[in-house]
Protein chains: 2
Amino acid sequence: MDLSSSDGELNDSAIFDEHDSEDVFRITVTTDNHLGFMEKDAERGMDSFISFEEALEIAKEEQVDFILLGGDLFHENKPSRDCLTKCQKLFREHCFGDKPIEFEILSDEVTNFGHTGFPRANFNDPNLNVSIPVFSIHGNHDDPTGQQNLCAMDTLAAAGLVNYFGKSNTSCDQGVNIVPVLLQKGCTKIAIYGLGAIKDERLYNMFEKGLVQFIRPAEDSDDWFNIFVIHQNRSAHGKKNYIPETFLPDFLDLVIWGHEHECRIRPEYNELQRFFVSQPGSSVITSLSESELEPKHIGLLKIYKKNFKLESVPLRSVRQFMMTNVILAESELNPADKNIELKIEQYLAKKVLSLIDKCQKNRYCYEKQPIKPLIRIKCDYTDYEPINEIRFAQKMVDKVANPRNILQFYRKPTEIKAEANL
Amino acid sequence: MDLSSSDGELNDSAIFDEHDSEDVFRITVTTDNHLGFMEKDAERGMDSFISFEEALEIAKEEQVDFILLGGDLFHENKPSRDCLTKCQKLFREHCFGDKPIEFEILSDEVTNFGHTGFPRANFNDPNLNVSIPVFSIHGNHDDPTGQQNLCAMDTLAAAGLVNYFGKSNTSCDQGVNIVPVLLQKGCTKIAIYGLGAIKDERLYNMFEKGLVQFIRPAEDSDDWFNIFVIHQNRSAHGKKNYIPETFLPDFLDLVIWGHEHECRIRPEYNELQRFFVSQPGSSVITSLSESELEPKHIGLLKIYKKNFKLESVPLRSVRQFMMTNVILAESELNPADKNIELKIEQYLAKKVLSLIDKCQKNRYCYEKQPIKPLIRIKCDYTDYEPINEIRFAQKMVDKVANPRNILQFYRKPTEIKAEANL
Ligand SMILES: [Mn+2]
Ligand SMILES: [Mn+2]
Ligand SMILES: [Mn+2]
Ligand SMILES: [Mn+2]
């Protein structure tokens, strides 16, 4: 059997049962955790932390070799003191411990991590007892800024809590060299290329001009399983406001695509490029849009030589979110009714309660899943007047987590714009 | 010889030469390090970090058992990302390592440190290889604020970089119980009481009402060497705007007084209270006032049973600072001279150059001491006009670190107000 063929996910999972775990990398993959999202909100303030902690707990249970983050760990470029303190606690609590590290780093650690002021990965620091190393790029929410070009990831790296890679040093558009982190476990060798978020248009132009270089290892270059972690627009928002998959080199085996919050974690095969793309999506719902409806998952990525399997693991602590579309003109409500506002209110309240009911039936048996769901009613009110949303909110405050923005009124379908908060 | 008498510093250092180091605590004491002070200033921005790093290096060279900080580690309540990142780096670099911890903690660690979310001191965390533990209270610059009542010290503690104590939980004025950190090395036992900065007036009132309780260990209470770390006004700024030494309990042996920036590190004996007070002062000059003229030192505190010795160690990296007083009326300058402004300028420039010259002659042979000194000329210009300070600054920009505020003009001596930036 030729295991070095690039069939990847298509290979049956039997491969992974067959082989000793000492040859198989086990990796937790998650991205866009947006720690600190709505942290001042009494109801939702802890959501981002709870779900990220769940991801860390799953990583621990699954005894993964390491955790791979795809950017936007923090929601704010300058996370609050509370947020940073909570985050440092989480990493220290869950990623330090006695579990031995069963892989080696083969790349030059100074090249990968020297920018942090320490010459090695945290698990090779004799003063830190790391159980689960974390490798992370930065996202657009937590990208480097200021005179020192630092980001929150630098603060964590200074304390030895994460291994921050993919920080390209391209202040001028001279291009970017992407040097991989090279890891070996038994007979499996993986190369992790990372590129922290850059303005899409700038990166688009650099790709077009051939200024993005992937520095492949000179030796046995065909033996490596090649991962690329990227945090950019994947879907076209404008002419150059995204990175087409065709820009990426075809020697890659698996692209972990951050930034897009929709969970499309199941690897999709790009026929042209002959690589897979997995888009884990966010671990917290940051906008009440269609893209966040898909249940949230993190990945358990297993790699054996040139084969991989990506199992998706549901994040059960994520707040439930349901949405429906209502066209008032299709209801039996009479716009001329003198109590029309009250009747619309009752009509919409019924819709909300029905969604809440659905949520309740679909709850995980998991104490960390919040009780109150997020509910969004998109309401085409053509021929009607919008109702008093404040009064509506007051009636829902005990039932939903987002009472103030349940309703989204529009006249024409084209008016709806997705709230972007990637 | 009765070693348990409270003669303290008065005992000859012979006591410390006589005894095995395994019974003697060696402690680096420093306070008011004000990391991040003027961090945006191209000339002075690194001063606070350089001198704090010198303190850490001295601690390492002296192989101290631990470092004791007296508050105002940070200049800003919310230190910048750069500042926090630099600080975390410094602690990880200098306070982690293979040096064994030669003392034990006898107090309940959860009581002392449980508020950090971790149940023990960092040197007892099996996942951290701490060489020099840091114990710190907070100051008024870096005190807990916000809904979670957190401060920058909490962020450091979350990462296991410091042991934050003395965080009293007195939101209402119900009083405060000060529970000591109890440490033992050989036959020496020390109790470190700490109280992070509280508004002076509030603390004054609590003391007056008997609401400040020092919780002494029940056993062998006379055997402990009792240290109190406090960060309050020591000199009276108003009726209740300071803490009189007489408020402090007389069972104390040594008070480490933070907040006051003047270096009065040599222990002063309070006859009434029968304890010593050491005021280490800041490690960076934060105001061009008399109180900062005294050369900066940190303490090397040695304790054997009830005896101590506090050696002061100069911080050679501190920027030089000289000040002089000029009374124009006592010069030969004629106010009626048509070139009087130019002549005053030349006259004052001479004074500045003379001070710079003095600084140059008094430099340490130490590469980390900055070249440009801080110079302050207090100028009584009664009967004259003040000169153009901007032009004066331009001529001094290459020579002094504070060209824009060299000159302080006043008419009457009583007008001079010390710039307070404790
Ligand atoms: Mn993003
Ligand atoms: Mn995002
Ligand atoms: Mn202070
Ligand atoms: Mn201070």
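In this text the structure is predicted, and so the values were computed from the model without any measurement. (Residues numbered from 1 in each chain as written. Chains lettered and ligands numbered in written order. Predicted model: local features only at pLDDT ≥ 70, side-chain atom pairs only at ≥ 80, totals over all residues. Heavy atoms only, no water.)

(A) Broad picture of the overall build of chain A. Within chain A one finds 8 helices and 18 strands. A globule of 422 residues ought to have a C-alpha radius of gyration of about 22 Å, and chain A, at 23 Å, matches this closely. Seen along its three principal axes, the alpha-carbon backbone of chain A occupies a region of about 80 × 50 × 45 Å. Per-residue burial over chain A gives 59% buried out of 422 residues. Counting only carbon and sulfur atoms, one obtains 45% of the accessible surface of chain A, whose full area is about 18,100 Å². In chain A, the 49 positive side-chain charges and the 66 negative ones have mean positions that sit 7 Å from each other. (Helix = DSSP H or I, 4+ residues; strand = E, 2+ residues; numbered from the N terminus. Rg over C-alpha atoms; globule rule 2.2 N^0.38 Å. Buried < 20%, exposed > 50% of the residue type's maximum accessible area, 1.4 Å probe, protein only. Areas by Shrake-Rupley, 256 points an atom, 1.4 Å probe, with all protein chains shown as cover. Lys, Arg positive; Asp, Glu negative; His and termini not counted. Charge placed at Lys NZ, Arg CZ, Asp CG, Glu CD.)

(B) Representation of the coordination of the manganese ion (ligand 2). All names here are of chain A. For the manganese ion (ligand 2), the full set of protein donor atoms is Asp-32 (OD), His-34 (NE2), Asp-72 (OD) and His-261 (NE2), at a range of 2.0 to 2.2 Å. Along the chain, the residues that donate to the manganese ion (ligand 2) are spaced as D-x1-H-x37-D-x188-H. Separating the manganese ion (ligand 2) from the manganese ion (ligand 1) is a gap of 3.2 Å, which Asp-72 spans by donating to each of them. Remark: Asp-72 occurs in the loop between strand 2 (66-69) and helix 3 (81-95) and Asp-32 occurs in the loop between strand 1 (25-30) and helix 2 (47-61); sequence separation between them is 40 residues. With relative accessibility at 0%, the residue Asp-32 sits in the buried group. (Donors = N, O, S within 2.8 Å, 3.2 Å for Na, K, Ca; no water.)

(C) Local environment of the coordination of the manganese ion (ligand 1). Within the protein, the manganese ion (ligand 1) binds to Asp-72 of chain A (OD), Asn-140 of chain A (OD1), His-231 of chain A (NE2) and His-259 of chain A (ND1); these donor distances fall in the range 2.1 to 2.2 Å. Between consecutive donor residues of the manganese ion (ligand 1), the sequence gaps follow D-x67-N-x90-H-x27-H.

(D) Structural detail: the relation of the copies chain A and chain B. Under the fitted operation, chain A is carried onto chain B by 0.0 Å of movement along the axis and a turn of 180°, and the coordinates agree to an RMSD of 0.0 Å. When the rotation and shift are considered jointly, the pair of chain copies conforms to a two-fold rotation axis. Among all residues of chain A, the minimum C-alpha distance to the rotation axis is found for Leu-128 of chain A, at 2.6 Å. (Least-squares fit on C-alpha atoms with pLDDT ≥ 70 in both.)

(E) Focus on the nonpolar core. Counting residues in each nonpolar core, the largest one holds 144 residues, and the members touching the most others are Phe-91 of chain A together with Phe-91 of chain B. Beyond its immediate stretch of four places on either side in the chain, Phe-91 of chain B contacts Phe-52, Leu-56, Leu-69, Leu-73, Phe-96, Val-134, Leu-156, Leu-161 and Val-162 of chain B. (Core = buried A, V, L, I, M, F, W, Y, C linked by side-chain atoms within 4.5 Å. Contact = heavy atoms within 4.5 Å.)

(F) Just the environment of Ile-375 of chain B, in detail. All names here are of chain B. Along the polypeptide, Ile-375 turns up in strand 17 (residues 374-380). Residues Ile-375 and Asn-405 lie 30 residues apart in sequence; the distance between their C-alpha atoms is 8.5 Å. If near-sequence neighbours (up to four positions away) are discounted, Ile-375 is found in contact with Met-322, Val-352, Leu-355, Ile-356, Cys-359, Val-400, Asn-402, Asn-405 and Ile-406.

(G) Representation of the pairing of strand 18 (residues 407-410) of chain B in the model. Residues and elements named next belong to chain B. On strand 18, burial covers both faces: Leu-407 and Phe-409 on one face and Gln-408 and Tyr-410 on the other are all buried. In this structure, strand 17 lies alongside strand 18, joined through 4 bridges in parallel fashion. Residue Ile-377 lies in a different strand from strand 18, and its bridge partner there is Leu-407. The β-α-β motif built from strand 17, the intervening helix 8 (residues 389-396) and the parallel element strand 18 has right-handed crossover chirality. (Pairing = 2+ DSSP bridges. Right-handed = clockwise from strand over helix to strand, strands pointing away.)

(H) Up close: unusual backbone geometry. In the Ramachandran plot, Asn-149 of chain A falls in the positive-phi region, its phi being about 55° despite a non-glycine side chain. Along the polypeptide, Asn-149 of chain A turns up in the loop between strand 4 (134-136) and helix 5 (152-158). With a relative accessible area of 29%, Asn-149 of chain A lands in the partly exposed category. One non-glycine residue with positive phi stands out, namely His-259 of chain B, at about 85°. The residue His-259 of chain B is located in the loop between strand 11 (254-258) and strand 12 (264-270) in this model.

(I) Looking closely at the sheet that holds strand 2 of chain A. Residues and elements named next belong to chain A. Strand order in the open sheet formed by 6 strands is 5-4-2-1-14-15, and the pairing between neighbours is mixed. Two strands bound the open sheet, and with one partner strand each, they are strand 5 (163-164) and strand 15 (307-314). Bridging between strand 4 and strand 5 involves 2 bridges; their strand directions are parallel. Residue pairing in the sheet places Phe-135 in a bridge with Asn-163 of strand 5.

(J) Looking closely at the interface of chain A and chain B. The partner chain B presents 34 residues to the 33 residues of chain A that form the contact. Taking both sides of the interface into account, the surface hidden between chain A and chain B amounts to around 2,800 Å²; carbon and sulfur atoms contribute 51%. The largest per-residue losses of area from chain A upon contact with chain B belong to Arg-81, Arg-92 and Asn-127 of chain A, which jointly make up 30% of the total buried on that side. In this structure, Asp-125 of chain B and Arg-92 of chain A form a salt bridge, with 2.9 Å as the shortest nitrogen-oxygen distance. Here chain A is connected to chain B by 21 residue pairs in polar contact (both at pLDDT 80 or more). For the side of chain A that touches chain B, the leading source of residues is helix 3 of chain A, giving 8 residues. Across the side of chain A that touches chain B, the residue classes break down as 12 nonpolar, 12 polar and 9 charged. (Buried area = accessible area lost by both parts, 1.4 Å probe. Salt bridge = Lys/Arg side-chain N within 4 Å of Asp/Glu carboxyl O. Polar contact = N/O pair within 3.5 Å; in protein donor to acceptor, adjacent residues only side chain to side chain. Nonpolar A, V, L, I, M, F, W, Y, C, P; charged D, E, K, R; others polar.)

(K) The arrangement of the UniProt feature "active site" (unreviewed entry) in chain A in detail. Taking the UniProt record as the reference, the feature "active site" (unreviewed entry) is found at His-141 of chain A. You can see His-141 of chain A is positioned in the loop between strand 4 and helix 5. (UniProt positions renumbered as here; feature names shortened; annotations may be inferred.)

(L) Representation of the sheet that holds strand 3 (residues 104-105) of chain B within the structure. Residues and elements named next belong to chain B. The strand order across the open sheet built from 7 strands is 3-7-8-10-11-13-12, with neighbouring strands paired in mixed fashion. Since the sheet does not close on itself, it has two edges, and those belong to strand 3 and strand 12, each with one partner. Two strands pair when backbone bridges link them, and strand 3 and strand 7 (residues 181-185) are joined in this way by 2 bridges, in the antiparallel orientation. Paired with Glu-104 across the strands is Gln-184, a residue of strand 7.

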